[in-house]
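Here is what each chain is made of, one letter per residue.
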Amino acid sequence: MLRRLVVTASLLMLGIGAAQAQDWTLNPEAGSIKLATGFTPDPYTVDLFGGGPIDASWLGGDCFGYITEEPDLRVFYTAGSMPLSFSVTSSRDTLLLVSDPQGNWFCNDDSGGSLDPRVTLESPLSGQYDIWVGTFGDENIPATLWLSEFPPESSLNWNLDPEFGVATLVAGFTPDPQQYSVNAGGSVYAYGALGDYCYGYVTAAPTYRLFYTAGSFPLFIFAEAANDLTLVVNTPSGEWLCDDDSGVGLDPLISIDAPLSGQYDIWVGTFSSDRASATLSISEIGGPEDEDFSAVGLNWDLPPNFGTVDLEAGFLPDPHVIEVAPGGSIDINADLGGNCYGYASAAADYRLFYIAGGFPLTFAVDSGTDTTLVVADPEGTFHCDDDSGPGLNPTITFDPPLDGQYDVWIGTYSSSGGGSATLSITELGPPSDDFFDPPPDIIPSIPPVIPDDVELPDFVEDEPVAPPVSDGAGLDWTLDPAFGALDLSSGFAPDPQTVFVDAGGPLSAGAALGAANPSCIGNVTAAPTARINYAAQSWPLIISVASESDTTLVVSDPDGNWICDDDSGGGLNPSVRFDTPVAGQYDVWVGSFTDAPTAATLFISEMTSQ
């Protein structure tokens, strides 16, 4: 089939033989996906590498850059009445080349804004689309390909992921107000999208999203910045609200006297398309004209300087590490008193939302300068330390810790600050002298996307193949797993996946396995503990267990092999590694050396054992 080339944006038709170096019959580097109109999430994103050895300039027109012979991605698409857009984002200048089901070729350089390309098909066809992402040098660079049915940057789209995060609040929340650092502005003219005298520029995606459980309080949403701002809110009923200057000065404020429970999408705009730093606030007690929210001393109401993390007892990797710049203008002793000295910023340097378990929780700092550490616990109590860690480093341990919000400040002994510091959050106990030694690097290559059998025209995925029951007759993979099933594809995130289970059971693993592995020690149940339906690629698959008790691990792979392990995971913990895993159903039994149930954590990873 001959394929034609269209250069989007300039819409120039080039020669019929122009695309012979691009071979759409070859298997795509990053695999294939199947999408039907109305797909979610929209946009659908794929991380891949752009660039290649072939100079695309010989295609003619404005199609410049380097690409591979084979496509980067193949999309089998079932069309409806929506347009279809392909776009690329990257830190480098990129090129986008698309071939459609009728053999048309589309090439674009910068229509996506800045140096990013975009191809939009107003009336897309059903069938096979092959996509190449090029670069302006012959090196490979990471890029993200976006597929969407919404007109790019022409309207406000609550189906897009919010740019700066999601908040979940229940009436009566504290602290009040909740505050979030955002960038206001964008390239979408709000009046053109909404009309009704809603002026200013915003992004197509919401700036922030709020899931709110209403009570008897009003709801106030407002934004503050040195720039003139505008504010747009889409309420759970689908109503659009817009404001310019109802707050203090040129700041916007939207007040809802009887708010509904549900999803609120929020856009913070500016009166030019330039972006500006702003603070978004959500309150039930009033807008800034009613209350002074300025910081006095150390203030956990302010957004943290270096981010927020949610961790649950047993988190991995442990320690959780973040780099910060310590110090600030607030005199800690003048604010807190006692023997707590140094200078820190008003806003916390880092915030932890923590679900406690049976482990102590430690905050530790490592720095080339003498630092101090302040932590506000979920009850609002401030804790301070100077030199309890190795050398001049501070550390604070909570044993037992509470559930909730921990705010962390790292101070210096000079108000001028300076230097850098590493904050570690760990459940492994207070740090030893070698605690801050860097671990070996684990640098996985970017995995390809979900594998696909292109010979399936009806877009039906292969069903997992269950292993034969022979040789493992005492273990019954036909039974439902006690702790559920996971559907995972190579490159899954988060990695590792964790399942909290009870180990042990009434059956002797060795007797149950018989000829398959008579020396397998431990007690298990007849039904699997857990099941993994796995779409494999080039990464290894590692299944391991962590427990305070001695445990054993039995895995039945898709080929019917039975594998048993006792202590390969370190200590008394088992681990089974598949260097070249096959796709299909993995049934997992977690046993113990007693028939009484034992608490354990099952880990599934492509990078490391527990």
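Residues numbered from 1 in each chain as written. Predicted model: local features only at pLDDT ≥ 70, side-chain atom pairs only at ≥ 80, totals over all residues. Heavy atoms only, no water.

Within the secondary structure layout, R74 lies in strand β7 (residues 73-78). A distance of 2.7 Å separates a polar atom in the side chain of R74 from the backbone oxygen of L26. Only 2.6 Å separates the side chain of R74 from the side chain of D130, close enough to count as a polar contact. (Helix = DSSP H or I, 4+ residues; strand = E, 2+ residues; numbered from the N terminus. Polar contact = N/O pair within 3.5 Å; in protein donor to acceptor, adjacent residues only side chain to side chain.)

The next point concerns the pattern of salt bridges. Overall, the coordinates contain six salt bridges when judged by the stated rule. Close ionic contact of D130 with R74 constitutes a salt bridge, the shortest N to O distance being 2.6 Å. Within this pair, whereas D130 is found in strand β12 (residues 127-135), its partner R74 is found in strand β7, the two being separated by 56 residues in sequence. Residue classification places D130 among the buried positions, given a relative accessible area of 0%. Note that D265 is salt-bridged to R209, the shortest N-O span being 2.6 Å. Pair noted here: D265 is in strand β23 (residues 262-270) and R209 is in strand β18 (residues 208-213), with a separation of 56 residues, a long-range link. When sorted by exposure, D265 lands in the same class as R209, which is buried. (Salt bridge = Lys/Arg side-chain N within 4 Å of Asp/Glu carboxyl O. Buried < 20%, exposed > 50% of the residue type's maximum accessible area, 1.4 Å probe, protein only.)

Most of β7 is tucked away, with five of its six residues classed as buried. Here strand β3 (residues 32-36) pairs with β7 via five bridges, running parallel. Within the sheet, the bridge partner assigned to S32 lies in β7 and is R74. Sheet analysis places β7 next to β12, joined by five bridges and oriented antiparallel. Counted as the bridge partner of R74 is D130 from β12. (Pairing = 2+ DSSP bridges.)

Here we have four strands laid out as an open sheet, ordered β26-β35-β30-β33, and antiparallel in their pairing. Looking at the sheet topology across the chains shown, the edges are occupied by β26 (320-324) and β33 (395-398). Recorded for the sheet is a direction-independent mean angle of 15° between the axes of neighbouring strands. Note: strand β30 (residues 361-367) against strand β35 (residues 421-426), six bridges, orientation antiparallel. The residue bridging T362 from the neighbouring strand is T426, located in β35. (Axes fitted to C-alpha atoms, helices over the stretch in contact; angles between N-to-C directions.)

It is worth spelling out the side chain of T207 at this point. Within the secondary structure, T207 is located in the loop between β17 (201-202) and β18. In terms of polar contacts, T207 uses its side chain to reach the backbone amide nitrogen of V268, at 3.0 Å. Residues contacting T207, with those up to four places away along its chain left out, are P162, E163, F164, G165, V182, N183, I266, W267 and V268. (Contact = heavy atoms within 4.5 Å.)

Here we take up the state of the cysteines. Inspection of the entire model under this criterion finds two disulfides. One disulfide in the model links C340 with C384; its S-S distance is 1.9 Å. For the disulfide bridge between C340 and C384, the dihedral angle about the S-S bond is near 80°, and by the sign convention the bridge is right-handed. Of this pair, C340 sits in the loop between α2 (332-336) and β28 (343-344) while C384 sits in strand β32 (residues 382-385); the two residues are 44 residues apart in sequence, bridging distant segments of the chain. By relative accessible area, which is 4% here, C340 ends up buried. Relative accessible area serves as the criterion here: at 33%, C384 is assigned to the partly exposed category. Between C520 and C564 runs a disulfide, and the two sulfur atoms are separated by 1.8 Å. Residues C520 and C564 are joined by a disulfide whose S-S torsion is about 70°; by sign, that bridge is right-handed. (Disulfide = S-S within 2.5 Å.)

As a further point, take the confidence of the model for the chain. When pLDDT is averaged along the chain, the result is 80, and 82% of the positions lie at 70 or above. In the model of the chain, strand β2 (residues 12-13) stands out as the element of lowest mean pLDDT, 34, in contrast to β18, which has the highest, 95. For the stretch residues 1-19, pLDDT sits under 50, and the model shows 53 contacts to residues farther than four places along the chain or on other chains. Note on residues 454-471: pLDDT is under 50 here. Beyond four places in sequence and across chains, it has 39 contacts. (pLDDT = per-residue confidence, 0-100.)

Across the sheet, which stays open at both edges, the four strands sit in the order β15-β24-β19-β22 with antiparallel pairing between neighbours. Taken across any chain shown, the strands that pair with only one partner, and hence form the sheet edges, are β15 (178-184) and β22 (253-256). The sheet shows a mean angle of 15° between the axes of neighbouring strands, direction not considered. As paired elements, strand β19 (residues 219-224) and strand β24 (residues 276-283) share five bridges and run antiparallel to each other. Across the sheet, the residue bridging to I221 is I282, located in β24.

Here G262 lies in strand β23. On the basis of relative accessible area, G262 is assigned to the partly exposed category, the value being 25%. Considering only alpha carbons, one finds G262 and P236, 26 residues apart in sequence, at a separation of 5.2 Å. Look past the residues within four positions of G262 in its chain and what remains in contact with it is L210, F211, Y212 and P236.

To continue, consider unusual backbone geometry. Backbone phi values are negative for most residues with the exception of glycine, while trans is the configuration of most peptide bonds. Along the chain, T174 connects to P175 via a cis peptide bond; the corresponding omega equals -10°. Cis geometry marks the peptide bond from L316 to P317, where omega comes out at -5°. Inspection of the secondary structure puts P317 in the loop between β25 (308-312) and β26.

Moving on, we get to the environment of P117. Mapped onto the elements, P117 comes out in the loop between β10 (104-108) and β11 (118-121). In this structure P117 comes out as buried when scored by relative accessible area, which is 0%.

Looking now at the packing of aromatic side chains. With the rule as written, the count across this model stands at 15 aromatic pairs. When the centroid spacing of 6.3 Å and the interplanar angle of 75° are considered together, the rings of Y354 and Y406 count as edge-to-face. Remark: Y406 occurs in strand β34 (residues 404-412) and Y354 occurs in strand β29 (residues 350-355); sequence separation between them is 52 residues. Both residues of the pair, Y354 and Y406, belong to the buried class. Aromatic side chains F363 and Y406 sit 5.7 Å apart centroid to centroid with 40° between the ring planes, which places their arrangement in the tilted category. Pair noted here: F363 is in strand β30 and Y406 is in strand β34, with a separation of 43 residues, a long-range link. Overall, the relative accessible area of 0% leaves F363 in the buried class. These aromatic residues form a ring-pair network of at least three members: Y354, F363, F398 and Y406. (Phe/Tyr/Trp six-rings, centres within 6.5 Å; stacked < 30°, edge-to-face > 60°.)

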